[in-house]
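# Survey of secondary and tertiary structure
Letter by letter, the chains look like this.
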Amino acid sequence: MIDTEIPSGGHADCANLSEKKESEKKKRSRVKQLLADVKKQVEFWFSDVNLHKDKFLKNMIEQSRDGYIDISVLTSFNRMKKMTTDVKLIARALANSAVVEVNLEGTHVRRKDPLGGSPKDVDSRTVYVELLPKTVTHVWLERVFSKCGNVVYVSIPRYKTTGDPKGFAFVEFETEEQAQNAIEMLNNPPEDAPRKPGIFPKTHNRKPIPFDAVQDTKDDEEDCKKKRSRNGGAAEEMEVNKTDGEGASETNELKTQSPMENPVTSKNAEKKRRRSCSFDASAGEGQDEMPSKIRKVEKEGEMKVLSSESKIEEQLDAEKKDDSVLKAKRKRKKKLKERLKIGEEVIPLRVLSKKEWLDLKQEYLMLQKHCMAHLKQSVSQINQKTKENNSNASVKKEPSSGPKFESGVIVKISSNQPLPCKRSIKDLLSEASAVAYVDILDGDVEGHVRFKSPEDAQTVITARSEFQKKHNWNLELLSGDHEQRYWQKILVDRQAKLNSPREKKCGREKLISKAEKIIITRTKEASKHIFFDE
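Per an unreviewed UniProt entry, the protein is named La-related protein 7, and its organism is Culter alburnus. Per UniProt, the protein carries the Subcellular location (unreviewed entry) text "Nucleus, Nucleoplasm". Under the Sequence similarities (unreviewed entry) heading, UniProt states for the protein: "Belongs to the LARP7 family."

A separate point is the pattern of salt bridges. Summed over all chains, the structure comprises 13 salt bridges. Here Asp-48 and Arg-111 are joined by a salt bridge, their closest N and O atoms 2.8 Å apart. Within this pair, whereas Asp-48 is found in helix H2 (residues 48-51), its partner Arg-111 is found in strand S3 (residues 108-111), the two being separated by 63 residues in sequence. Relative accessible area serves as the criterion here: at 36%, Asp-48 is assigned to the partly exposed category. Measuring nitrogen to oxygen at the nearest pair gives 3.5 Å for the salt bridge that ties Lys-354 to Asp-123. Within this pair, whereas Lys-354 is found in helix H12 (residues 354-392), its partner Asp-123 is found in the loop between S3 and strand S4 (126-130), the two being separated by 231 residues in sequence.

Pairing in this open sheet of three strands is antiparallel, and the strands run S1-S3-S2 from one edge to the other. Two strands lie at the open edges of the sheet, namely strand S1 (69-70) and strand S2 (100-102), each paired on one side alone. Pairing geometry for S2 and S3, over three bridges, is antiparallel. Bridge pairing in S3 places Glu-101 opposite Arg-110.

Attention now goes to the nonpolar core. One finds Val-127, Val-129, Leu-141, Phe-145, Val-171, Phe-173 and Val-351 to be the most contacted residues of the largest nonpolar core, which totals 22 residues. Considering each element in turn, this core owes the most residues, five residues, to helix H8 (residues 176-186). Beyond its immediate sequence surroundings of up to four residues, Val-129 is in contact with Phe-145, Gly-167, Phe-168, Ala-169, Val-171, Leu-349, Arg-350 and Val-351. Core analysis: the second largest hydrophobic core is formed by 21 residues, Val-73, Met-80, Ile-90 and Ala-93 among them.

As a further point, take the packing of aromatic side chains. Per the stated rule, a full pass over the model turns up 11 aromatic pairs. Here Tyr-128 and Phe-170 contribute two aromatic rings whose centre-to-centre distance is 5.8 Å and whose plane-to-plane angle is 50°, an arrangement assigned as tilted. Of this pair, Tyr-128 sits in strand S4 while Phe-170 sits in strand S6 (residues 168-173), and the two are 42 residues apart along the sequence. No difference in accessibility class separates Tyr-128 from Phe-170, as the two residues are buried. Looking at Phe-170, the relative accessible area reads 13%, which means it is buried. Taken together, the ring pairs connect Tyr-128, Phe-168, Phe-170 and Trp-357 into an aromatic cluster. Lying over the aromatic face of Tyr-153, Lys-53 brings its terminal NZ or CZ to 4.6 Å of the ring centre. Against the face of Phe-170 rests Lys-354, its NZ or CZ located 5.5 Å from the ring centre.

Conventions used here
Residues numbered from 1 in each chain as written. Predicted model: local features only at pLDDT ≥ 70, side-chain atom pairs only at ≥ 80, totals over all residues. Heavy atoms only, no water. UniProt positions renumbered as here; feature names shortened; annotations may be inferred. Salt bridge = Lys/Arg side-chain N within 4 Å of Asp/Glu carboxyl O. Helix = DSSP H or I, 4+ residues; strand = E, 2+ residues; numbered from the N terminus. Buried < 20%, exposed > 50% of the residue type's maximum accessible area, 1.4 Å probe, protein only. Pairing = 2+ DSSP bridges. Core = buried A, V, L, I, M, F, W, Y, C linked by side-chain atoms within 4.5 Å. Contact = heavy atoms within 4.5 Å. Phe/Tyr/Trp six-rings, centres within 6.5 Å; stacked < 30°, edge-to-face > 60°. Lys NZ or Arg CZ within 6 Å of the ring centre and 35° of its normal.

Encoded structure:
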């Protein structure tokens, strides 16, 4: 026998070697995956589908002599930044590409084949998707829609300010049949979604309001209307039932009065009449003898029977509606079961053809134009009425030429600490006299206050000791050169404000801002209190 014992140090070396091999394998697989991702992304950027939409890259290719683009330009793109910024690695990934080729130096890249003309059937091959999750990505959409065919292009519109997706996307397929297949397979909106496509949740203070909350208010209004109509219908049914009872008694009387041809039957009929008459008479006497409470109870019982009949009819109508809803739900469940049998992932999305989406867009634009035209007309009518009222009241607005020079109106205010805001200073000083304007910036230690008249300024100066005690303010009335310099400053500041460029607004924004101003002024007028004399 030969001893084959391995020392303890040998076991440790073997373990280290195996760990190194595994780490090297993982590293190789990561590098392979990275090279494949880089190759796929660059081939997409230089593909026919993307270049017909990407104006920046298309212009760069057209401006270059041989169609070559520096790889460093590609590393400036956000998608490539996430993967790698190594130019050599990108050149290595594109070495065996069938779409692009790299120059001998490995610094520039270009398409192998020239770019063809733009295709005309893009809209028929594209589908519109909505009800997307907030965390939607191009990879997720490509994975979902690749079951229906070869996805060529994915577009996810986003908000410029936040960068969040707008809730819809466009997916372009290779053929029109694949797009139609996607509409049939993946169009599965949830039950709580709006029936019409293109309706997105409303926002309040940049926060989306859920559709259920908006729908609940509408449903409550509809329920109230239905209850009112039901109450009115129940009263009508009561009157109809009463008239039916009167008609039935009249027909019975006619039947008793009709003569009979057979004498035997006539005698039997006479006997029956006598019995019925005697019974009716006794019943009538009993009713006269019955107390009023029992009669009320009987009437209430009749009313309950009639109301129960009306409720039964309403329930039958509701059941009919419920049956139609249940049928639609059953159809959906059948479709879902079929898809689950096939082994597909059921995702609640709404999928339409892009042509249908363009029709909806045109409808929305027409509605928007109509609404804006109506708003413009109403705003012009309101402005015309206000002009007429002003002309009747003989009130003419003169163009303001700014504040006119008047001595003894400007008061300088200073303190050891930063002064409060303009509004608080104006409110505190207006307790003593009327203030025209406060010229103070936030955080300043001193400023100026312009009063409406020299008398108002003088009253504040006389009460400056009180302001000194309460707020630690030093008040000083300007005069002489200091006053003239400040008035020159007022004129210069006003001229600079008038010459400063204003924000340009489009017609729609202007119209909406005008309408908002009118609404604000009307609400202010409505909220004013009218005090009557005693």
